[in-house]
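Chain and residue survey
Take a look at the letters that make up each chain.
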Amino acid sequence: MQPRTPLVLCFLLSQVLLLTSAEDLDCTPGFQQKLFHIDQPVEFIQDQAILNLNFSDCKGNYKLHYEVSSPYFKVNNEGDLVALRNITAVGKTLFVHARTPHAEDMAELMIVGGKDIQGSLQVVDSDRPEGSKFRLTGKGVDQEPKGIFRINENTGSVSVTRTLDRETIASYQLFVETTDVNGRTLEGPVPLEVIVIDQNDNRPIFREGPYVGHVMEGSPTGTTVMRMTAFDADDPSTDNALLRYNIRQQTPDKPSPNMFYIDPEKGDIVTVVSPALLDRETLENPKYELIIEAQDMAGLDVGLIGTATATILIDDKNDHSPKFTKKEFQATVEEGAVGVIVNLTVEDKDDPTTGAWRAAYTIINGNPGQSFEIHTNPQTNEGMLSVVKPLDYEISAFHTLLIKVENEDPLVPDVSYGPSSTATVHITVLDVNEGPVFYPNPMMVTRQENISVGSMLLTVNATDPDSLQHQTIRYAVYKDPAGWLNINPINGTIDTTAVLDRESPFVHNSVYTALFLAIDSGNPPATGTGTVLITLEDVNDNAPFIYPTVAEVCDDAKNLSVVILGASDKDLHPNTDPFKFEIHKQTVPDKVWKISKINNTHALVSLLQNLNKANYQLPIMVTDSGKPPMTNITDLRVQVCSCKNSKVDCNAAGALHFSPTSVLLISLFSLVCL
């Protein structure tokens, strides 16, 4: 619906203050009085003291700074609240914030008789019909957040019911219309935009911390270290969010209290000292901490301040070569010993946590046999010189090594390794009484087993490495597991004290191992150990044996095969198979058994007819192929069982049946025993 006449809108909305309380610090000092009441004068006069604020941080109020919530007031050095210009209306409340490095506090000033500087506007319609009313709608009226604005339905005056916060809602889109007494719309709705004017009620904050920057030592003046930027929630189009940066404090303040500079507008931190002063090795501490301030209102005293700490680390570069603490080192080591013999110490002024400090050592002369190695101790940076191959005093009693040291990281171009980066190590080898040495070792000999007791096997020989000491050597048995051997203590001749048996459990793979000692005449005496390996040749001294020795067969079996026998022999080929299997002295009545060769090691025992249920002893004779051969007779026990209905019954086999030959042998054995 189009209005009959244009509406004239006059917007008289003044600033609204958003009140925030400061976060309490741990320190109890602050304002001695936190709430003040002052009467609203006709006008606040510029630079005229309104009241005095008493603040103390209990430490002398060093660097005391005041901030007032209204940009039209300040607190001077005497603590007096004064106006910056003549002003009439300031609202009902002012807040004063005081801060030192040790404490901060907030004081509240209630202005008695002051008026709320809430915004108001007048909607005018000169041709409005009599009896008509104004109606206001939109976000902030009948839409969330509801009830912020209201309109006088008769006069058209729009007012604010509570404090506005621009940082929450920066503007409101309202609609005004006129209605008749029945609520029907006569004119409108006409849009009415309410813009919230910003109040400087937000302190700048640094949101991206922690702030850590690095700069290489010796960097030229003006080198950018890092950038620090703060955020201000106030209107960015006003000075309320126009920030300026400043370095409030530098710790430590050596060698210059102004090592760095921060661009007041960009927040770039740069070096301002000469490269010579930015020398990490001469600095008291290679870490600097800067307290950075960001102040709004373009840095004016009335601006609010936020702070943050910037940590700047002076990084090391390899501008110092490692140097040995002395030109010559001495070391002693016993011959035959291995391990670390001396630690070489160096000095390096660079950062111990970097490759510019860590040392790398090299033996550049005096180590042709590679008997020495050098490694870096990661904790101390020392060079640990070690013997890795035992030294021999009789070959060389002295060694001289030339060692150089470098860094893991390369040196900067204008620095080089000098004479102090090399050192000489003099090593003295101490003579020790070394044990005699058998040669050869092990000593090997081959003999037949079962040679006669007292047979000479071999003569061992040991020499003393200590050729300059002219010592004598005696011999002794050290380990002889079977107790078969003896050694002449003077000449080292070894002979047997028992029969050598290749099949003994002390012999492995036909080899018997014994250990002997050679002992010199030193004080104390030194000992050397020699190994003798005796390979025993096999002789046919073990008869073969059969397996198994028990078998079962059914009394009505159609298959008359009884059992397959196998034979084994502890000797070696050719004293083993092929074996010959026989039934020993089988008589004609007993000729119901048959044995047949299967292969060189096995034979089949079978029946020529079925037998009655009983137990039978069958003597089996097996002979090996040795020269001369050896024979063994073993009784094979055969159980003839009753097998009916898939059940085998051997329990009632009856009395033991022997072949006549077996009976004769048993009888003879009984007579002998009597």
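Per an unreviewed UniProt entry, the recorded name for the chain is Cadherin-13, and the organism is Phyllostomus discolor. Annotation of the chain in UniProt includes, under Function (unreviewed entry), the sentence "Cadherins are calcium-dependent cell adhesion proteins. They preferentially interact with themselves in a homophilic manner in connecting cells; cadherins may thus contribute to the sorting of heterogeneous cell types. May act as a negative regulator of neural cell growth." What the UniProt record of the chain gives under Subunit (unreviewed entry) is the line "By contrast to classical cadherins, homodimerization in trans is not mediated by cadherin EC1 domain strand-swapping, but instead through a homophilic adhesive interface which joins two elongated EC1-EC2 domains through a region near their Ca2+-binding sites to form a tetrahedral, X-like shape."

**Some remarks on the overall build of the chain**
A count of helices and strands for the chain gives one helix and 49 strands. By residue count, 42% of the 674 residues in the chain fall in the buried class. Across the chain, contacts joining residues at least 24 apart in sequence account for 67% of those joining residues at least 6 apart. Accessible surface computed for the chain: about 36,100 Å², of which carbon and sulfur atoms make up 52%.

**Considering the sheet that holds strand β27 (residues 372-376)**
Overall, antiparallel pairing links the three strands, which are arranged β24-β28-β27 in an open sheet. Since the sheet does not close on itself, it has two edges, and those belong to β24 (339-344) and β27, each with one partner. For this sheet, the mean inter-axis angle between neighbouring strands, taken without regard to orientation, is 30 degrees.

**Examining the state of the cysteines**
Considering all chains together, one arrives at two disulfides under this definition. Linked covalently through their sulfurs, C554 and C643 form a disulfide whose S-S length is 1.9 Å. Between C554 and C643, the disulfide has an S-S torsion of -85 degrees and is therefore left-handed. Taken together, the residues C554 in strand β41 (residues 550-554) and C643 in strand β47 (residues 631-644) connect sequence positions 89 residues apart. For C641, the disulfide goes to C650, at an S-S distance of 1.7 Å. Where C641 bonds to C650 through sulfur, the torsion about that S-S bond is close to 105 degrees, and the disulfide is right-handed. Taken N- to C-terminal, the disulfide-bonded cysteines of the chain are connected 1-3, 2-4.

**Notes on the environment of P390**
Looking at the element boundaries, P390 is found in the loop between β28 (383-387) and β29 (398-407). Its relative accessible area of 53% is what places P390 among the exposed residues. Along the primary structure P390 and G336 are separated by 54 residues, whereas in three dimensions their C-alpha atoms are 4.3 Å apart. Excluding residues that lie within four positions of it along the chain, P390 makes contacts with G336, A337 and V338.

**Examining the pairing of strand β30 (residues 422-430)**
Of the strand pairs in this sheet, strand β23 (residues 328-334) and β30 are connected by seven bridges, and their pairing is parallel. Opposite E328, over in β30, you have T424 as the bridge partner. Here β29 runs beside β30; their pairing, made up of seven bridges, is antiparallel. Each residue of the ladder has a partner; that of K404, found in β30, is T422.

**Let's talk about the side chain of T493**
Mapped onto the elements of the fold, T493 is located in strand β37 (residues 493-496). Separated by 3.1 Å, the side chains of T493 and T459 make a polar contact.

**Brief notes about the sheet that holds strand β15 (residues 211-216)**
Within the open sheet, the four strands sit side by side as β15-β21-β20-β17. Their pairing is mixed. The outermost strands of the open sheet, each flanked by one partner alone, are β15 and β17 (244-251). Adjacent strand axes in the sheet meet at a mean angle of 30 degrees when their direction is disregarded. In terms of strand pairing, strand β20 (residues 287-295) meets strand β21 (residues 305-315) through nine bridges, oriented antiparallel. Bridging from a neighbouring strand, K287 pairs with L313 of β21.

**Re the packing of aromatic side chains**
In the structure shown here, the tally under the stated rule is 11 aromatic pairs. With centroids separated by 6.4 Å and ring planes inclined at 55 degrees, the aromatic side chains of F206 and Y245 adopt a geometry described as tilted. Note that F206 is positioned in the loop between β14 (185-195) and β15 and Y245 in strand β17, a separation of 39 residues in sequence. Their ring planes at 70 degrees and their centres at 5.7 Å tell us that F260 and Y288 sit as a pair that is edge-to-face.

**Observations concerning unusual backbone geometry**
Of the consecutive residues D577 and P578, the connecting peptide bond is found in the cis state with omega at 5 degrees. As for its position among the elements, P578 is in the loop between β42 (561-568) and β43 (580-583). In this structure, the amide linkage connecting K627 to the following residue, P628, adopts the cis form with an omega of 0 degrees. As for its placement among the helices and strands, P628 is situated in the loop between β46 (614-623) and β47. Of note in this structure, S510 is not a glycine but carries a positive phi near 70 degrees. Of note, S510 is situated in the loop between β37 and β38 (511-520). Taking the relative accessible area as the measure of exposure, S510 reaches 14% and is therefore buried.

Basis of the calculations
Residues numbered from 1 in each chain as written. Predicted model: local features only at pLDDT ≥ 70, side-chain atom pairs only at ≥ 80, totals over all residues. Heavy atoms only, no water. UniProt positions renumbered as here; feature names shortened; annotations may be inferred. Helix = DSSP H or I, 4+ residues; strand = E, 2+ residues; numbered from the N terminus. Buried < 20%, exposed > 50% of the residue type's maximum accessible area, 1.4 Å probe, protein only. Contact = heavy atoms within 4.5 Å. Areas by Shrake-Rupley, 256 points an atom, 1.4 Å probe, with all protein chains shown as cover. Pairing = 2+ DSSP bridges. Axes fitted to C-alpha atoms, helices over the stretch in contact; angles between N-to-C directions. Disulfide = S-S within 2.5 Å. Polar contact = N/O pair within 3.5 Å; in protein donor to acceptor, adjacent residues only side chain to side chain. Phe/Tyr/Trp six-rings, centres within 6.5 Å; stacked < 30°, edge-to-face > 60°.

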